[in-house]
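Residues per chain, in single letters:
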Amino acid sequence: MVSDGIKLSTKPSPSFRLRNDSLNAVRLRRVFDLFDCNGDGELTAEEIASALDRLGLGGDKSEIVTAVSSFVPEGRNGLLYEDFERLHRSLGDSFLGGIDADQVSEETDEEDMKEAFKVFDEDGDGFISAAELQSVLSKLGIAEARSMTRVQEMISSVDQNDDGQVDFSEFKVMMQGIAAQM
């Protein structure tokens, strides 16, 4: 399938979009902020392409520019957050079709959290170490990744059993706290 010039798989991806709206909103805002490299509140096609490349998900830059440009308001160089949400909805609906509200359940929320946890648990041992967190943050271009001390502080802030790592239950508590702040 082709959506706005980008070739998309016709097979739905269960982890592409979280089924819990509040977690999805947090994730989407975080993605926008991470991709906005210069922090000007406007996301350009170049910033999106660069971020996708850093994550190993790079696509054809001209296809990305084409897809993004139709969502950029006249007189602007890039997407404001609201424009990014519209782009996301458009691409998400093209990938998945609409999400039926009846599909939302504790079980699917748990699955979504497990998928998110796996992104950080790079070695699959069931724990997020400071080194793994630093690696993922670095791939995303987050400044805190440059300081292992800062990364260890991040781990400590959610590490309830003081083992120096984040297990899945600690990760869930952290994610539920983020969702509650929305």
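Report on the accompanying structure. (Residues numbered from 1 in each chain as written. Predicted model: local features only at pLDDT ≥ 70, side-chain atom pairs only at ≥ 80, totals over all residues. Heavy atoms only, no water.)

1. So, the environment of Q165
Logical step 1: Summarising the element assignment, Q165 is placed in the loop between α7 (148–158) and β4 (166–167).
Logical step 2: By relative accessible area, which is 22% here, Q165 ends up partly exposed.
Logical step 3: Spatially, the C-alpha atoms of Q165 and A131 are 9.8 Å apart, while their sequence positions differ by 34 residues.
Logical step 4: The contacts of Q165, once residues within four sequence positions are left out, are D125, F127, I128, S129, I155, D159 and E170. (Helix = DSSP H or I, 4+ residues; strand = E, 2+ residues; numbered from the N terminus. Buried < 20%, exposed > 50% of the residue type's maximum accessible area, 1.4 Å probe, protein only. Contact = heavy atoms within 4.5 Å.)

2. Digging into helix α2 (residues 45–54)
Logical step 1: Considered for burial, the residues of α2 that qualify are A45, E47, I48, A49 and A51.
Logical step 2: Where α2 terminates, the next one or two residues include G56, which has phi positive at roughly 75°.

3. Describing the pattern of salt bridges
Logical step 1: Scanning all chains against the criterion turns up six salt bridges.
Logical step 2: For R86, the salt bridge identified is with D83, shortest N-O distance 3.8 Å. One end of the pair is R86 and the other is D83, both in helix α4 (residues 81–96) and three residues apart, which spans about a single turn.
Logical step 3: A salt bridge links E115 to K118; its shortest N-O distance comes to 3.7 Å. In this pair, E115 and K118 both sit in helix α5 (residues 106–120), three residues apart, roughly one turn of the helix.
Logical step 4: Of the residues examined, E115 reaches a relative accessible area of 36% and is grouped as partly exposed.
Logical step 5: Here K118 falls in the exposed class, since its relative accessible area comes to 54%. (Salt bridge = Lys/Arg side-chain N within 4 Å of Asp/Glu carboxyl O.)

4. Details of the nonpolar core
Logical step 1: Among the nonpolar cores identified, the biggest contains 34 residues, and L79 and F84 are the most heavily contacted of them.
Logical step 2: Listed by contribution, the elements that provide at least two residues to this core are α1 (21–35), α2, α3 (61–69), α4, α5, α6 (130–139), α7 and α8 (168–181).
Logical step 3: Not counting chain neighbours up to four residues away, the residues in contact with F84 comprise L28, V31, F32, L43 and L79. (Core = buried A, V, L, I, M, F, W, Y, C linked by side-chain atoms within 4.5 Å.)

5. Overview of the packing of aromatic side chains
Logical step 1: Taken as a whole and judged by the stated rule, the model has five aromatic pairs.
Logical step 2: Look at F32 and F84: their rings are 5.5 Å apart centre to centre, the planes differ by 55°, and that puts the pair in the tilted class. Pair noted here: F32 is in helix α1 and F84 is in helix α4, with a separation of 52 residues, a long-range link. By the burial criterion, F32 is buried, and F84 matches it.
Logical step 3: Ring centres 6.3 Å apart and planes at 50° place the aromatic pair F120 and F171 in the tilted group. (Phe/Tyr/Trp six-rings, centres within 6.5 Å; stacked < 30°, edge-to-face > 60°.)

6. Some thoughts on the packing of α2 against α3
Logical step 1: Packing of α2 against α3 leaves a shortest axis separation of 9 Å and a crossing angle of 135°. Between α2 and α3, the angle is such that the two are oblique. The handedness of the crossing between α2 and α3 comes out as right-handed. Between α2, through A45, E46, I48, A49 and L52, and α3, the contact on the second element is made entirely by K61, I64, V65 and V68. (Axes fitted to C-alpha atoms, helices over the stretch in contact; angles between N-to-C directions. Parallel < 35°, antiparallel > 145°, perpendicular 65-115°, else oblique. Left-handed = near helix turned anticlockwise from the far one by under 90°.)

7. Observations concerning unusual backbone geometry
Logical step 1: Backbone geometry places D162, a non-glycine residue, at a positive phi of 55°.
Logical step 2: Position of D162 among the secondary structure elements: in the loop between α7 and β4.
Logical step 3: Among the residues examined, D162 registers a relative accessible area of 67% and is labelled exposed.

8. Regarding α6
Logical step 1: Those residues of α6 not exposed but buried are A130, E132, L133, V136 and L137. Buried residues of α6, viewed axially, fall in a sector of 160°; they line one side.
Logical step 2: One or two positions beyond α6, positive phi appears at G141, with a value near 75°. (Arc of directions from axis to C-beta.)

9. With respect to the packing of α6 against α7
Logical step 1: Packing of α6 against α7 brings their axes to within 9 Å, and their N-to-C directions diverge by 110°. In terms of their interaxial angle, α6 and α7 are classed as roughly perpendicular. Once α6 is placed against α7, the crossing between them reads as right-handed. Across from A130, A131, L133, Q134 and L137 in α6, the residues of α7 making contact are M148, V151, Q152, M154 and I155.
Logical step 2: Partitioning the contact of α6 with α7 into residue classes produces eight nonpolar, two polar and no charged. (Nonpolar A, V, L, I, M, F, W, Y, C, P; charged D, E, K, R; others polar.)

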